[in-house]
Each structure stands twice: as C-alpha cells, then as structure tokens.
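Spelled out, the chains give:
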Amino acid sequence: MARRIDVTGADGVRLAAWEFGDPAKAGPDPGEAAAPDAPGVLLLHGLMGRASHWASTARRLSARHRAVALDQRGHGRSEKPPEGAFTRDAYVDDAEAALEQLGLGPAVLIGHAMGALTAWQLAAKRPDLIRGLVISDMRASALGGASQREWAEWFTSWPVPFATLADVRKWFGEDDPWVERPNPARGEFYAEVMAESPDGWRPVFDPGQMLRSRETWVHDAHWEELAQVRCPALVVRGLDGELGRAEAQEMVRVLPRGRYAEVADAGHLIHYDQPEAWLAAIEPFLDSLDGE
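Rules of the game
Residues numbered from 1 in each chain as written. Predicted model: local features only at pLDDT ≥ 70, side-chain atom pairs only at ≥ 80, totals over all residues. Heavy atoms only, no water. Helix = DSSP H or I, 4+ residues; strand = E, 2+ residues; numbered from the N terminus. Rg over C-alpha atoms; globule rule 2.2 N^0.38 Å. Contact = heavy atoms within 4.5 Å. Areas by Shrake-Rupley, 256 points an atom, 1.4 Å probe, with all protein chains shown as cover. Lys, Arg positive; Asp, Glu negative; His and termini not counted. Charge placed at Lys NZ, Arg CZ, Asp CG, Glu CD. Core = buried A, V, L, I, M, F, W, Y, C linked by side-chain atoms within 4.5 Å. Buried < 20%, exposed > 50% of the residue type's maximum accessible area, 1.4 Å probe, protein only. Salt bridge = Lys/Arg side-chain N within 4 Å of Asp/Glu carboxyl O. Axes fitted to C-alpha atoms, helices over the stretch in contact; angles between N-to-C directions. Parallel < 35°, antiparallel > 145°, perpendicular 65-115°, else oblique. Nonpolar A, V, L, I, M, F, W, Y, C, P; charged D, E, K, R; others polar.

1. Some details on the overall build of the chain
Move 1: Scanning the chain from N- to C-terminus turns up 11 helices and 10 strands.
Move 2: Against the compact-globule benchmark of 19 Å for 292 residues, the chain has a radius of gyration of 18 Å, which places it among compact chains.
Move 3: Overall, the chain is about 50 × 40 × 40 Å in size when its C-alpha atoms are taken along their principal axes.
Move 4: Of the contacts formed within the chain by residues at least 6 apart in sequence, a portion of 72% connects residues at least 24 apart.
Move 5: As displayed, the chain offers around 12100 Å² of accessible surface, 50% of which is attributable to carbon and sulfur atoms.
Move 6: Taken together, the 31 basic and 45 acidic charged side chains of the chain have centroids lying 2 Å from each other.

Here's what the structure looks like:
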C-alpha cells in the first residue's frame, strides 16, 4: 500500500510524496507499518526516477520507520512546470520542505545518484533535520561537459514512442548501447517511468528538463558539502556501478562520520539489481542510528 501526501516545494511547486506500509500498527514484520512517531526516513530517487522505485525498500523499512519516498520536481506524479527552476537549490529546498511538512525530522535521508547529492547537500545545510545519510552510487567529483553531451546524444537515441512496455524493457535491458550485458532489472527500472500515450509509450518526464537538472551539477565537484555533513553517513557502491572504489573510499574519508559498503553483482541501480544485498548493506547502518 502507498498513500499519497501532497507537499508544496520551493516556488510553490506541487510535489507528490508516498508513504509505504499498511495503516499504522506497530509490528515487527516487514510491510507492517511502524507507529506514526517512528523514526522518519525520506527516500530520494535519481535523475529520471520516481518514488515507486523505492517501493520494496520503503516497505521493508516501514516495519520500524516511517518511510516516505518523494517524487522530485519534474519526476513521477510531481509537477513539471515548463519554466520551473531545475537547479540544485530547488531540489534541496524541495526535500527540506518535504521533511518539514511531513514532520519526518530529524530523519535519515536515503538517496540514489542525483537524490544522494540532494541528500548530502541538505544534510550540510540543515544538520538539525538529518540524523543519518545513505549515499547510493553518486560521485562527488565533477563529470564535465563531455558527460553532458553524451547524455544529450543518448536521449536522442531512444526509439520513442515504444510500441509496448515489453519493447521498453528490451531496449533498456538489452539493446541500449549503454548496456554492456543484458540487464532485466534495468529494463524494469525504465518501464516504471513510462506512460501510455495515443501513439505508444513515452517517458513521464521531459528529457529537456532532465538535462537542465543535470547541467546544474555535472560541471562542479561536491567535496566541500560532503565535508560539512556532521551526521553518520554510509556510502554504498555497486561493484559495477558509476562510483569507483577509490573515489567512494575518499568520500568516506572526507565525511566526518563516513562508513563504506559495496554490493557485489550490482551496477548503478543497486536497489534494483540486488534488492536483498542492498537491504543487507543499509539495515545495519540504520540499526546503529536507532541505537544512538
């Protein structure tokens, strides 16, 4: 079960937050929601993602936490204003507004890729709102303009509209030139962000807005904000992901209270590639926070 909660983000942008778990009842089993005053967790998806990508993680955590996933601006069921701000500050301010309006703080932030960057920038800005941080496969170093051009070219290569969802799964899981070997989980991930239109299946986001969002971080390094994070933080990487081991370990070193975990047989989409191994990596960290 997922319950939608409307949130007002920066500049009045309407955001959709999703609370996972059965109606409040304290229970030890995964899927049974914890009490309303349970420790808060806010889950932030990556670029092109949506809150539902966190469904299995959030349901597992909902036994002991109030787990809420946010559709960030331009994504999922949240507003996609044509002339809206898709800046770093806007994403951070949206997450801050969600924490305050949902009454989750002090919360644990769990972020994947772009959502992880938002999470650690918010943790640096509002330490009073954040008690723990999980960073999933996001680099702190600058990626540069070449990376942005590659993404623009990649978007133009998509054979949209897709005739069926099966075509979506096959292209992103097998045929996409960025896929090194067949990856059904990747196909499922992208199927989740497609919606049926009169001429076929198209993404629920605007690729142009995604590029505008990405433009605001790829040219800069983000080590300074990492050093300002005072809460315990766990850096998680997939062995075949985008975050290399050396950079991940340097991130752990820069974080004042950093810890490290890696997941075998996982790429960038760790929580989709290896959901049980992903949970095994983060749950001991969350347990340690509950004990503090």
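2. Overview of the nonpolar core
Move 1: M48, W120, L133, I135 and W158 are the most contacted members of the largest nonpolar core, which has 65 residues in total.
Move 2: Dropping the residues within four chain positions of it, M48 is found in contact with H75, W151, W154, F155, W158, Y190, V193, F205 and M210.
Move 3: Judged by nonpolar contacts, the second largest core, of 28 residues, contains V41, L61, V236 and I282.

3. Topic: the pattern of salt bridges
Move 1: Overall, the coordinates contain 22 salt bridges when judged by the stated rule.
Move 2: Note that E250 is salt-bridged to R253, the shortest N-O span being 2.7 Å. Of the two residues, E250 and R253 are both situated in helix α9 (residues 245–254); the distance of three residues between them amounts to about one turn of the helix.
Move 3: Judged by relative accessible area, which is 59%, R253 ranks as exposed.

4. Let's talk about the packing of helix α4 (residues 145–157) against helix α7 (residues 207–215)
Move 1: Running from N to C, α4 and α7 point in directions that differ by 170 degrees, and their axes come no closer than 11 Å. Comparing the axis directions of α4 and α7 gives the class roughly antiparallel. Where α4 abuts α7, its residues S147, Q148, W151, A152 and F155 lie against P207, M210, L211, R214 and E215.
Move 2: Residue composition of the contact of α4 with α7, grouped by class: six nonpolar, two polar and two charged.

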